[in-house]
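Analysis of the macromolecular model
Given next are the chains, with one letter for each unit.
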Amino acid sequence: MAKRVKFKLNGTELEADEGRLVIDAAKDAGVEIPHYCYHPALGNPGNCRMCVVEVAGAPKPLVSCRTGVREGMDVKSNSDAIKRAQASALELHLVNHPLDCPVCDQSGECGLQDYYMKIGKYQSQVREDKQHKGKRIEAGPHVMLDQERCILCTRCTRFVDNVTKTGELGIFGRGHEERIEVTPGMTLDNAYSGNVVDICPVGALTDRDFRYKVRVWYLDKTDSVCPGCSRGCSISVHTNTIRPWHNDGKRVARLKPRLNPEVNGYWICDDGRYGFGNLDADRLGRVLQVSPAKKDVSWETAAQAIAEKFKDGVAIATSGMLSNEDWASLKNAFPKASLYFTAEPDQVGVEDELLRKRDKVPNLKGAENLGLKSGSFNDLEKDLEAGKIKNLYVIERDLTKVWGAERAKALLRKAEFTVFQGPNKGELGDFCHYRLPATAYVEEEGHFTNFAGVVQHYKKALDPIGSARPDWEIFDLLHMAMKGVPA
Amino acid sequence: MTKILTKHFDEPKLHELETYKRLDGYKGLAKALTMTPADVTAEVLKSNLRGLGGAGFPTGAKWGTVPPPDKVPGPRYVVVNADESEPGCYKDRVLLTRAPHQLIEGLLIASHAIGAKESFIFVRGEYQNQYDIVEKALKEADDAGLTKTCSIKLMRGAGAYISGLDTALLETMEGKKAWPRQPPPFPTVAGLMAKPTVVNNVETLSMLPFILREGGEAFAKIGSPKNGGTVVFSVSGHVEKEGIYEVPMGSKLRDVLELAGGVRKGHKLKAVIPGGTSMPPLLEKDLDLTLDFDAIRAAGTFLGAGGMIVLDETADAVEVAHNIERFLTHESCGQCTPCREGSFWSEEILERILDGKGTAEDMPNLTRMGENITGKVICALGDTVGVIARTWQQKFPEDFKKRIPHGQAS
Amino acid sequence: MSAKTAVKSPFSPEQEKALEGWTKAYPYSNMGLVEALRSVQDWNRMISPEAAARVGEIFGLPFNRVWGVVNFFPTFTIKPTGKFRVGLCHGLSCFLKGSDKMESCLEKTLGVKKKEVTPDGKFSWEPMECLGACEQAPALQVNDRLQGAATEQLIAKLKDLK
């Protein structure tokens, strides 16, 4: 147990664990000390010199990211001397920094801009030409490097050396000839490469996917959970609805990780980070009777027709994409249905020591916790082939990935009555009798339970498309229809 | 005048073991080995020996911060910093060339004092001739069984002035870039490969044989209060007789200048840099200052490693400042932003002034920037960037003003 | 330290042995890295990424760490130097004694600009920081060995080097 000690910050008496970094202890007390190079998950090299504070008894200012709290310490982070020190440290960061703001994606969330407005606001004294370095370097499939903007804080090199241990970036050179470069012969293509964009305080490392799409000050940010695997990393969904003419009208602009010490720390993997393409493409919004004739119907009409069939039994092919609320409603509505939702064969992938889990769906645990058991898709295939399946209900599962497109189409024709439900149309969108539009996770509220049993809440970031409803709402509707309750 | 290190420099074969032994060589080590490590350290503390590589820290006090072997068991090391790279300093080169055994003896004494069984001599890469000489002397010492208490290994550097800073030296020795560390912990607690390590300069260690032979008190008597023994100045620049000159601590600046034959004939003294280009210059009026760490500090500059550069009236302060800032920019490790950017910016401003394109804001800007950098960087090189930006224009404003139309000091 | 190679080593068997030796020269294998890289620079007059990568394998160090060291220290070059790498000090004392003028003398005598290599690969010259020979200003060295004060005569004699 760490000892609690008393110390003073800007005249206020505070308490902290002995040895806690002053910069963190200050943050605990609501005092933000400017900094670039320090990152709680990447260490404290103390090379940006922004976080200097005055400590009574010390001959010169100390960097608060490398100073631990001691009993009776008297710290000042807002004296005139420190304000001058902060402004001058910032000035020296900006001396060779290119005035790229009008074309730089970081604009609006840039450490240099933010601190300049907070503690700078001085007149530049630079009369020289700025140093020219590499620009628009494709560091990897997801990351663009601009060496002129780089402030050499070393966060990115520490990330690839200590977190992913892949060493694709390095600092080469000495003094003002130093550059952050891609290590010769390599490309920044590890499974977590996008994280360097998050940790880069400036626009030196930017996201190629997000490049020039939309200005960050138009983005709304919603807490959510990544549905890419059973880790369920905490994320923030950044959406643009204010400027629909940007980003080709796509609403989801990007995903960013959200700090969660219990689940994913500060990071997410690239698959999760860039796996949001299906949220704004090929979306379903109409409740459709597809067969025998394609026509728009109301939810009630569809529910009635479906309930008539499903009353006699149904095989349900779904996945761990369903939320805890969805599973509960599904169980409630179809207690006797044969369920097929295992991640095999198509929803499994690489697992690593960092974040990625083998099951590429967020919530198989939710089903497990409710005692639901899944058959194998091999068995479902056999049963369909043998004509044993009358009614088939496919929810948020792309059967072309399970069986291959042609085989899936052939098998679907073997069932008597098929209902499709999901946010995207996909290749099999017309191979059913009724097609029900479901909301994507960003358009609803719910909970996922990750592989370790951690329940996480995801919030609604966008309005549903067309008539789409959350899966659980649709299950409830069908349940009521099957009980004969008027819709 | 008392000489300690250069006492036998008229003996051409001083670098050979036989000659060195004949002239009281290795008697200090023999004495030390009859004493406990703590007693050796106490003797060195008594001697008031100060670190002669630049910092002037009392050597005995530094050794005293090494945790004792029963508290921290395991290897501990002594590293000789022979990475002399401060412009103006070459006394270590001469000491390595002429008296390698004096250094080896001193190193073995230090190793005994802190309990090191392995020690290293880190020679700057550009001293290949000196490396060969020391290697030969080391072989003589090994063959004579003198290194049985502590083995000594040689290692070469690969350039870079910053690797002469103690923590950066350790980084280089560990096969990394010479980026200075930020103590705590200090090297004596966690140094080479995180083991307790004492890093000492060539000249400092070379003083130890005398201290152990004649006693710490005798050493302290030669010199001034708190600054024991002698100090070797590397004199260069606009003097008649460039060369190394060993004088007691507390000698007058004027005396050293005289030993070097004074300012070259027909010229007038403009400035003297006492300790290597990182240190602010002294003027004609300062010639009666006493040369020891404390007195020179009080006069606003530093004794450093005794690299005394003499400048006459043909030297131009702007050119000098530019030369030094260019050196600092080139040698900055780049780790921290103020030094990396500030050194380059200072060099550019001074270059612009040299090109005749200076503006009225340049001098106040250099001063302001200098004040902002010194004290807010990771190591002394960064501090120096700020010092140089300020002092040469403070001391010689006319040199700057005449190049800058409407220029003014701040 | 392990010496697994996926690709053919850019070094001869004797050179490989010498590099392995440096992993054992000091109490910790990493301590031999700078000396090992000095050897590579001596053999090849430069250090290529392939050579640095192989050194990394021999020492069990990631490539970007070794490449960082190669690009930090002035002794190591990523472009070739001449067989005889001439260094002229331009520190303060040497500057005061006219090192600038000796630069033009070097350029004229050797026939190349600074940091360029003569067509026969024999010579290159460059300004260097303080070589610790201020009493012999302006100091001149060849391949890390001090030659003395640079004069027209000393520079002329350089051409006799074999």
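The rules behind each value
Residues numbered from 1 in each chain as written. Chains lettered and ligands numbered in written order. Predicted model: local features only at pLDDT ≥ 70, side-chain atom pairs only at ≥ 80, totals over all residues. Pairing = 2+ DSSP bridges. Helix = DSSP H or I, 4+ residues; strand = E, 2+ residues; numbered from the N terminus. Core = buried A, V, L, I, M, F, W, Y, C linked by C-beta atoms within 7 Å. Buried ≥ 20, exposed ≤ 12 C-beta atoms within 10 Å, placed from the backbone. Domains from an automatic or database assignment. Contact = placed C-beta atoms within 7 Å. Nonpolar A, V, L, I, M, F, W, Y, C, P; charged D, E, K, R; others polar. Axes fitted to C-alpha atoms, helices over the stretch in contact; angles between N-to-C directions.

Residue and element names in this part refer to chain C. When strand β1 (residues 84-89) meets strand β3 (residues 139-142), the two strands line up antiparallel, connected through 3 bridges. Bridged to G87 within β3 is Q141. Where β3 and strand β4 (residues 145-149) come together, 4 bridges link them in antiparallel fashion. Its bridge partner lying in β4, Q141 is registered against L146. A loop of 2 residues connects β3 with β4, the two strands running antiparallel in sequence, and N143 in this loop sits at a positive phi of about 50 degrees.

A general tendency of soluble globular proteins is for nonpolar side chains to be buried together. One finds V80, F122 and V256 of chain B together with L37 and V55 of chain C to be the most contacted residues of the largest nonpolar core, which totals 238 residues. Residues A302, L411, A415 and L478 of chain A belong to the second largest nonpolar core, which totals 54 residues.

Attention now moves to unusual backbone geometry. Residue S291 of chain A is joined to P292 of chain A through a cis peptide bond whose omega torsion reads 10 degrees. Here P292 of chain A is to be found in the loop between β14 (288-289) and β15 (295-296). The linkage connecting P183 of chain B with the following residue, P184 of chain B, adopts the cis geometry, with an omega of 10 degrees. Along the chain, P184 of chain B falls in the loop between α8 (166-173) and β4 (197-201). Even without being a glycine, N10 of chain A presents a positive backbone phi close to 50 degrees. Tracing the backbone through its elements, the reader meets N10 of chain A in the loop between β1 (4-9) and β2 (12-17).

Residue and element names in this part refer to chain A. Each assigned domain of chain A is listed here: domain 1 (4-94), domain 2 (127-279) and domain 3 (288-483). Each partner contributes to the interface: domain 2 provides 26 residues, whereas domain 3 provides 25 residues. Mapped onto the side of domain 2 that touches domain 3, the elements with two or more residues apiece are β11 (220-225) and β12 (234-239). A breakdown of the residues in the side of domain 2 that touches domain 3 according to their chemical character gives 13 nonpolar, 9 polar and 4 charged.

As a further point, take the sheet that holds strand β3 (residues 151-156) of chain B. Residues and elements named next belong to chain B. What the 4 strands build is an open sheet, ordered β3-β2-β1-β4; its pairing is parallel. A strand with exactly one partner marks an edge of an open sheet, and here the two such strands are β3 and β4. Shown here is a sheet whose adjacent strand axes are inclined to one another by a mean of 20 degrees, direction ignored. Sitting on the sheet, helix α6 (residues 100-114) is in contact with β1 (77-82), β2 (118-123), β3 and β4, with an inclination near 150 degrees to β1.

With that settled, consider the interface of chain B and chain C. Every contact between the two is made by 44 residues of chain B and, on the other side, 34 residues of chain C. Take the side of chain B that touches chain C: its biggest share by element is 6 residues, from helix α14 (residues 317-331) of chain B. Here the side of chain B that touches chain C is built from residues that sort into 16 nonpolar, 17 polar and 11 charged.

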